[in-house]
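Structure at a glance
Chain residues, written in single-letter form:
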Amino acid sequence: MEKKSEINGHAMPSSASTDRILEKSARKSFGDKLRVFLSRNLLVIMTVSGVLVGVGLGMMVRNMNLTRAQMTYFAFPGEMLLRMLKMVILPLVVCSLISGAASLDTRSLGKLGGIAVSYFLVTTLIASGIGVALAFIIKPGVGAGALNSNNLGLESVSTNKETTDSFLDLARNLFPANLVAAAFRSYATDYKMVAAGNDTNGTTLYQKVPIGTDTDGMNILGLVLFAMVFGVALRKLGDEGEELIRFFNAFNEATMVLVSWIMWYVPFGIMFLVGSKIVEMEDVVLLVTSLGKYIFASILGHIIHGGIVLPLIYFGFTRKNPFSFLSGLITPFTTAFATCSSSATLPSMIKCVEENNGVDKRISRFILPIGATVNMDGAAIFQCIAAVFIAQLNNAELNAGQIFTILVTATASSVGAAGIPAGGIITIAIILEAIGLPTNDLSLMLAVDWIVDRTTTVVNVEGDALGAGILHHINQQEMKKQQQQRRRREDEELAEVRVEAVANVQAEEETSPLVTHQTKASGATPEAIESVL
């Protein structure tokens, strides 16, 4: 039998020319597919390549023994990336939260906000639990009693802040006294020694009195709360608030356009960020051998939480493959790894979650800025491991009460942890104060924080993204339910209308005098008809 080929759905006799045409079309379709794949994933490929090239470049330049000034110049392109990303954080957080809160009705906002807060608290508690469990299993501080800041040539980090004042500062920062100042300053308690009289020997007694000071750094917590409440207030205004809502929506969209432009600089900037960090490393072999078990425990905790726990929670809610969702977020994860900043990753995260994973803009722009401020799963893991590590380092036995205090304090204080590199170190000081351990070993954490902070930030932003995915799914289900209820209500109303119409017709046939006269008249004689008329 003669072989037949199909071209455009028509069967044709097989020949060399038709085979060539088919082969050409197959080749063309593969080329098209490759072109489409590259155009879609070009930024991801460039960003990952930027990290790899950065590592190689750092290794090469490291052998050149650069001076401090030359290192600063080498790090300049990376510094420019961080500055660009930080530049758009303020308009992005404020405008996205105002437009997000204003676009959701109060009932939906309350429900979604409640689910989001529950998700953030539960995942952070689980993360804290994983951190404590791993620290007791791996025992990173056992046998490292001789290790201290001096033999590693590290500067000491001192903090004398009371735990109570740390939490009071958190509450104070929620309500900034000056919104303009909140864009670049936050409140922090300091202490002053005040003379409080003399004792019996005539020695002057001093009291430590807390005083309020301003520290550099955006008060993101206060801005988030204000933007949310302001969005709800605009929604309540109705028609009067529409123009201002449209303004913030337009501002938000314009900021996202800026973000899309900045994203093309990310691969180049990341290359120098990673390269400069490798060049700046001191004696990395000594640090890793001394604190290897601590680094291993922290990174293992991040892998367990980010690779198993969070995807399982996402799957439990949505019944969808979490890894296909996460595959669309490679660019923000790479940015998080390179910048070590949840806040700096926020612009690319919003863009990728909306464009690659189809999350509703109202959900992503409402939940992701809150998540970048409040949800710190990765930080909770390494803070708990660090607290237990320092306890083991000082040969201090932790009782059940202290372990519970670590869990609760790590969960609560991660809410106020700054979304910046090394922001979690200050939070470890709060935990150590709460369980009564010395804070002079914190410099050990700071020495390896640049390693641990990378996986910490990736897990932090992964938790935010999966939270947005879960909320999007719940919102979609709610919308489907409402549509079904509306259809059912409409069907019932239509059925009622039909029943009433049938009943009315039957009633008219039975009772209408015109119908009865006509029926009677039709059976009568023409004279009778005339008389009736």
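Throughout, a residue's number is its position along its own chain's written sequence, starting from 1. The model is predicted, so local features are restricted to residues of pLDDT at least 70 and side-chain atom pairs to those at 80 or more, both for listing and for counting; the totals for chains, interfaces and linings are taken over all residues. Neither water nor hydrogens contribute to the side-chain values; these are computed over all heavy atoms in the structure.

Salt bridge, as used here, is a side-chain nitrogen of Lys or Arg placed within 4 Å of a carboxyl oxygen of Asp or Glu. In total, this model carries nine salt bridges according to the counting rule given. Asp 216 is paired through a salt bridge with Arg 185; the nearest N and O atoms lie 3.5 Å apart. With Asp 216 in strand β4 (residues 204-216) and Arg 185 in strand β3 (residues 185-198), the pair connects residues that are 31 residues apart, well separated along the chain. Residue Asp 216 is classed as exposed on the basis of its relative accessible area of 69%. Working definition: with a 1.4 Å probe on protein chains only, accessible area under 20% of the residue-type maximum means buried, over 50% means exposed, and in between means partly exposed. In this structure Arg 185 comes out as partly exposed when scored by relative accessible area, which is 37%. Numbering of helices and strands starts at the N terminus; helices are DSSP runs of H or I of at least 4 residues and strands are runs of E of at least 2.

Time to look at empty space enclosed by the protein. Computed over the protein atoms alone on a 1 Å grid, cavities are sets of points where a 1.4 Å probe fits but cannot get out and pockets are open sets with protein on both sides within 12 Å along at least five of seven lines; a residue lines them when it has an atom within 4 Å of a point. Grid points are joined across faces, edges and corners, and a volume is the space filled by probe spheres set on the points. The full count for this structure, using the stated rule, is three cavities of 30 Å³ or more. As for the second largest cavity, its lining consists of Ile 115, Ala 116, Tyr 119, Phe 120, Phe 317, Ile 367, Gly 467, Ile 470 and Leu 471. For the lining of the second largest cavity, the secondary-structure elements that each account for two or more residues are α4 (106-138) and α18 (442-511). The biggest single contributor to the lining of the second largest cavity is α4, with four residues. Of the residues belonging to the lining of the second largest cavity, the class tally is eight nonpolar, one polar and no charged. Gly is placed with the polar residues, together with every amino acid not listed as nonpolar (Ala, Val, Leu, Ile, Met, Phe, Trp, Tyr, Cys and Pro) or charged (Asp, Glu, Lys and Arg).

Attention now goes to helix α7 (residues 220-237). A helix is expected to span 1.5 Å multiplied by its residue count minus one. Here α7 contains 18 residues, and its C-alpha end-to-end distance of 26 Å stays within 8% of the 26 Å for a straight helix at 1.5 Å per residue. Immediately downstream of α7, the backbone of Gly 238 shows phi near 75°, a positive value.

Here Cys 340, not a glycine, exhibits a phi torsion of approximately 60°, which is positive. Looking at where Cys 340 falls in the secondary structure, it is placed in the loop between α12 (330-339) and α13 (342-357). One non-glycine residue, Asn 395, adopts positive backbone phi at about 55°. Its place among the elements puts Asn 395 in the loop between α15 (377-393) and α16 (400-413).

This part is about a nonpolar patch on the surface. On the surface, Phe 30, Leu 34, Phe 37, Leu 38 and Ile 45 cluster together to form a nonpolar patch covering roughly 480 Å² of accessible area. Take Leu 38: it is sitting in helix α1 (residues 16-62). Classification of Leu 38 as partly exposed rests on a relative accessible area of 39%. Patch members must show over 30% relative accessible area and no salt bridge, and they are joined within 9 Å when carrying like charges or within 5 Å when they are nonpolar side chains of Val, Leu, Ile, Met, Phe, Trp or Tyr. In this description, accessible areas are obtained by the Shrake-Rupley approach with a 1.4 Å probe, and a residue is regarded as covered only by the protein chains that are shown.

Counting residues in each nonpolar core, the largest one holds 90 residues, and the members touching the most others are Tyr 294, Leu 329, Ile 367, Ile 406 and Met 445. If sequence neighbours within four positions are ignored, Ile 406 has contacts with Val 132, Cys 384, Ala 387, Val 388, Leu 398, Ile 431 and Ile 435. Membership of the second largest hydrophobic core comes to 17 residues, among which are Leu 85, Met 263, Ile 270 and Ile 278. Here, nonpolar core means buried Ala, Val, Leu, Ile, Met, Phe, Trp, Tyr and Cys residues that are tied together by side-chain atoms lying within 4.5 Å of each other. Contacts: residue pairs with any heavy atoms within 4.5 Å of one another.

Following the sequence through the fold, Leu 43 ends up in helix α1. Classification of Leu 43 as buried rests on a relative accessible area of 14%. Along the chain, Leu 43 and Ile 330 lie 287 residues apart, while their C-alpha atoms are 9.6 Å from each other. Setting aside residues up to four positions removed in sequence, Leu 43 forms contacts with Met 263, Trp 264, Pro 267 and Thr 331.

Once that is clear, we can look at the confidence of the model for the protein chain. For every residue, the predictor reports its confidence as pLDDT, a number between 0 and 100. Per-residue confidence for the protein chain averages 80 on the pLDDT scale, and 81% of its residues sit at or above 70. A low-confidence stretch, residues 149-158 (pLDDT under 50), is modelled with 21 contacts involving residues beyond four sequence positions or located in other chains. For the stretch residues 512-533, pLDDT sits under 50, and the model shows four contacts to residues farther than four places along the chain or on other chains.

We now examine a negative patch on the surface. When charges are counted, Lys and Arg are positive and Asp and Glu negative, with His and the chain ends excluded. Charge placement uses NZ in Lys and CZ in Arg. For Asp and Glu, CG and CD serve respectively. On the surface, a cluster of negative charge is made up of Glu 490, Asp 491, Glu 492, Glu 493 and Glu 496. Position of Glu 496 among the secondary structure elements: in helix α18.

With that settled, the discussion passes to the packing of α7 against helix α14 (residues 361-374). It is at 10 Å that the axes of α7 and α14 come closest, and there the two elements cross at 155°. If you check the angle between α7 and α14, you find them roughly antiparallel. Read as a crossing pair, α7 and α14 show a hand that is left-handed. In contact with Ile 220, Leu 221, Val 224 and Met 228 of α7, α14 contributes Phe 366, Pro 369, Ile 370, Thr 373 and Val 374. A per-class count over the contact of α7 with α14 returns eight nonpolar, one polar and no charged. Note on definitions: angles span 0 to 180 degrees between N-to-C directions of axes, and those axes are lines fitted to C-alpha atoms, for helices only across the stretch in contact. Oblique is the label for every angle not falling under 35 degrees (roughly parallel), over 145 degrees (roughly antiparallel), or within 65 to 115 degrees (roughly perpendicular). Take the far helix as your reference; a near helix turned counterclockwise from it by less than a right angle gives a left-handed crossing, and one turned clockwise gives a right-handed crossing.

Attention shifts here to the packing of aromatic side chains. Aromatic rings in a pair are described by how distant their centres are and how their planes are angled relative to each other. Only rings of Phe, Tyr and Trp enter the pairing, Trp through its six-membered ring, and a pair is recorded when the two centres are within 6.5 Å. The plane angle decides the type: under 30 degrees is stacked, over 60 is edge-to-face, the rest tilted. Here the structure, examined in full by the defined rule, presents ten aromatic pairs. Centre to centre, the rings of Phe 247 and Phe 248 are 5.2 Å apart; their planes meet at 70°, and the pair counts as edge-to-face. Assessed through its relative accessible area of 45%, Phe 247 is described here as partly exposed. Judged by relative accessible area, which is 13%, Phe 248 ranks as buried. Geometrically, a charge over a ring is one whose NZ (Lys) or CZ (Arg) sits within 6 Å of the ring centre while staying within 35 degrees of the ring normal. Taking NZ or CZ as reference, Lys 208 lies 4.5 Å from the ring centre of Tyr 191, over its face. Sitting over the face of the ring of Phe 337, Arg 454 holds its NZ or CZ atom 5.9 Å from the ring centroid.

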